[in-house]
Amino acid sequence: MPPPGSRALFFRKATQLLTLAGPPVPRRSTALGELGIIQDGAVLTAGSRIVRVGTTAELEAEARRLKARPIDCRGCVLMPGFVDCHTHLVFAGNRLEDYEQRIQGKSYEETAAGGGIRLSAHRLRQASPRDLARQATCFLKEFAAHGTTTVEAKSGYGLDLANELKILAVMRRLRRMSPVEVVPTLLAAHALPPEYQEGSKAYLELVAKRLIPLVARKKLAEFVDCFCDRGAFSVPECRRVLAAGVRYGLIPRIHAEQLSRTGASRLAAELGAASADHLDHVTDADVCRLASSQVVAVLLPGANFHLGLRRYPPARRLIHAGATVALATDFNPGSSPTLNMQFVLSLACTAMRMTPAEAISAATINAAYSLRRAGRLGSLERGKQADLAIMAVSDYREIPYYFAWNHCVLTVKRGQIIYCRE
Ligand SMILES: [Zn+2]
């Protein structure tokens, strides 16, 4: 882990400071749209922490006393760094073939026959840890350059003992080397490996009885995930894997109701999962069940965009029912090759009718809840970690409005500048 920032920093004169301050609970319903905006806002940091938040005038004297380095935020929005709570960061190569075939009319599931996750697994197995780490490090620099300070990362392209461990070992290296925080998730139940096409039983046994205990003992992952869908794993199969994870201290997350309605989101509620992700095909009853649970509904509109789908996850229904909604990129080579959370905000607003304020809360504080890090990340409040981003816009609504731009000019992680635009 990089050393915490030493010199105090004084971010001053932000046209809008989005604090996201509020009671220490996930933001549901109308609370999702409250950004805690301070005009002419300022944030004072010392070491890796936030010392004080307020107006520039309120903080001037203390900043002088701490001999803080001033950073002028005039004409800019100052906000918490994005928390990207669903990515598949470590992979090899790309899936350009699938992309072109889909453009010509094939569905995601049709391209899975010759390409898909199994093609990514084939390429990953041939890649060296060094090459995987090098590519992921480049990606993490790009995440930082777009204002993202925390990235959840799933395994799931190894699909055997050695290669799943290889990915998680690469992530451990990234956790030590990269200033962007990487949160590791074991997703061995991502697809059925080519060696097990006769049936899933033996592979899932391997995952539950050998891989999960090993991963837990070596502390290689915090979360356990599975792809519960048509063409992937069934609800009973996922229950077995996730329950095995829980027995070893891993917290469940689930790829749920993306391609079809399976009941995976109910399983998430039943197991007290941290998140149920995608949710394109949830029923009204599923929405109610999620709303009455602590499960965070992580919506991934980048996948819908890249796959050219007309239908998007029902953000408004979920928000209206009182579910905790978060947003993430789903960065991966097959269905969502973007790492730009700002573009995800644009999709959330335009395609899912979230307001810009709701989208920002979903991409910061609620995403931090889904990673069980909201006590430390996701808002700019005294005592929290100094993770923030400066956007070169004077109104936060411009971030999704000017879509597919990169508005980020400066990113800070643990009180240290990790990206600064020339
Ligand atoms: Zn995913």
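Everything below is about the structure printed above this text.
All figures in this text were calculated on a predicted structure; none of them were measured in a lab.

Asker: Would you mind going over the overall build of the chain in detail, with residue names and values included?
Answerer: Broken down by element type, the chain carries 16 helices and 16 strands. Whereas a compact globule of 422 residues would reach a radius of gyration of roughly 22 Å, the chain reaches 21 Å, a difference of no more than 12%. Looking at the chain as a whole, 61% of its 422 residues qualify as buried. For the chain, long-range pairs separated by at least 24 residues make up 73% of all intrachain contacts whose partners lie at least 6 apart in sequence. When the accessible surface of the chain is totalled, it reaches about 16,400 Å², and 53% of it is carbon and sulfur.

Asker: Summarise the coordination of the zinc ion; cite the residues concerned and give the values.
Answerer: Around the zinc ion, the protein contributes the donor atoms His86 (NE2), His88 (NE2), His255 (NE2) and Asp330 (OD), at 2.0 to 2.8 Å from the metal centre. The site at the zinc ion holds four donor atoms, and with the angles between them running 79 to 164°, its shape is irregular. For the zinc ion, the single-chain donor residues occur in sequence as H-x1-H-x166-H-x74-D. In this pair, histidine 88 is assigned in the loop between strand S6 (82–84) and helix H2 (96–103) and aspartate 330 in the loop between strand S13 (324–327) and helix H13 (341–352), connecting sequence segments 242 residues apart. In this structure aspartate 330 comes out as buried when scored by relative accessible area, which is 2%.

Asker: If you had to explain the pattern of salt bridges to someone new, which residues and values would you point to?
Answerer: Per the stated rule, a full pass over the model turns up 26 salt bridges. Between aspartate 225 and lysine 154 there is a salt bridge, with its nearest N and O atoms 2.8 Å apart. Of this pair, aspartate 225 sits in strand S9 (residues 223–228) while lysine 154 sits in strand S7 (residues 148–154), placing them 71 residues apart in sequence. With a relative accessible area of 0%, lysine 154 lands in the buried category. For lysine 413, the salt bridge is made with aspartate 387, and the minimal N-O distance between the two is 2.5 Å. Of this pair, lysine 413 sits in strand S15 (residues 408–413) while aspartate 387 sits in the loop between helix H15 (365–370) and strand S14 (388–391), and the two are 26 residues apart along the sequence.

Asker: Hey, could you go over the pairing of strand S5 (residues 77–80) for me, with residue numbers and the actual values?
Answerer: Two faces, one strand: in a regular strand the side chains alternate between the faces of the sheet. Sheet topology places strand S1 (residues 9–18) next to S5; two bridges connect them, and they run parallel. The residue of S5 that forms the bridge with leucine 17 is leucine 78. Both S5 and S14 contribute to a ladder of four bridges, which runs antiparallel. Paired with proline 80 across the two strands is leucine 388, which belongs to S14.

Asker: Run through the packing of aromatic side chains, naming residues and quoting values.
Answerer: Counted by the stated rule, this structure contains eight aromatic pairs. Between phenylalanine 305 and phenylalanine 343 the ring centres are 5.2 Å apart and the planes differ by 85°, which places this aromatic pair in the edge-to-face class. Separated by 38 residues along the polypeptide, phenylalanine 305 in helix H11 (residues 301–306) and phenylalanine 343 in helix H13 bring together distant segments of the chain. Classification of phenylalanine 343 as buried rests on a relative accessible area of 14%. Summarising the aromatic geometry, the rings of tyrosine 402 and tryptophan 405 are spaced 4.8 Å apart at their centres and angled 40° between planes, so their arrangement reads as tilted. We classify tryptophan 405 as partly exposed; its relative accessible area is 48%.

Asker: How would you summarise helix H6 (residues 161–177) if you had to cite specific residues and measurements?
Answerer: Taking 1.5 Å of rise per residue, the 17 residues of H6 would be expected to cover 24 Å, and the 24 Å separating its terminal C-alpha atoms lies within 8% of that figure. With a side-chain oxygen lying 3.3 Å from the backbone nitrogen of alanine 162, the N-terminal cap of H6 falls on aspartate 160.

Asker: Which residues make up the sheet that holds S7, and what values go with them?
Answerer: A sheet is described by the order of its strands in space; here eight strands give the open sequence S6-S7-S8-S9-S10-S11-S12-S13, paired in parallel fashion. Both edges of this open sheet fall to S6 and S13, since each of them pairs with a single strand only. Going from strand to strand, the sheet's axes swing by 25° on average, the running direction of each strand aside. Bridge analysis of strand S12 (residues 296–299) against S13 gives four bridges, and the strand direction is parallel. From the neighbouring strand, leucine 299 faces S13, where its bridge partner is leucine 327.

Asker: Which residues make up the side chain of threonine 411, and what values do they have?
Answerer: Of note, threonine 411 is situated in strand S15. The class of threonine 411 is buried, set by a relative accessible area of 0%. Reaching out from threonine 411, the side chain makes a polar contact with the backbone oxygen of alanine 144 at a distance of 2.7 Å. When residues no more than four places from it in sequence are discounted, the contact partners of threonine 411 are Ala144, Gly147, Thr148, Thr149, Leu388, Ala389, Gln416, Ile417, Ile418 and Tyr419.

Rules of the game
- Residues numbered from 1 in each chain as written.
- Predicted model: local features only at pLDDT ≥ 70, side-chain atom pairs only at ≥ 80, totals over all residues.
- Heavy atoms only, no water.
- Helix = DSSP H or I, 4+ residues; strand = E, 2+ residues; numbered from the N terminus.
- Rg over C-alpha atoms; globule rule 2.2 N^0.38 Å.
- Buried < 20%, exposed > 50% of the residue type's maximum accessible area, 1.4 Å probe, protein only.
- Contact = heavy atoms within 4.5 Å.
- Areas by Shrake-Rupley, 256 points an atom, 1.4 Å probe, with all protein chains shown as cover.
- Donors = N, O, S within 2.8 Å, 3.2 Å for Na, K, Ca; no water.
- Tetrahedral: all angles 85-135°; square planar, octahedral: opposite > 155°, others 65-115°.
- Salt bridge = Lys/Arg side-chain N within 4 Å of Asp/Glu carboxyl O.
- Pairing = 2+ DSSP bridges.
- Phe/Tyr/Trp six-rings, centres within 6.5 Å; stacked < 30°, edge-to-face > 60°.
- Expected span 1.5 Å × (residues − 1).
- Polar contact = N/O pair within 3.5 Å; in protein donor to acceptor, adjacent residues only side chain to side chain.
- Axes fitted to C-alpha atoms, helices over the stretch in contact; angles between N-to-C directions.

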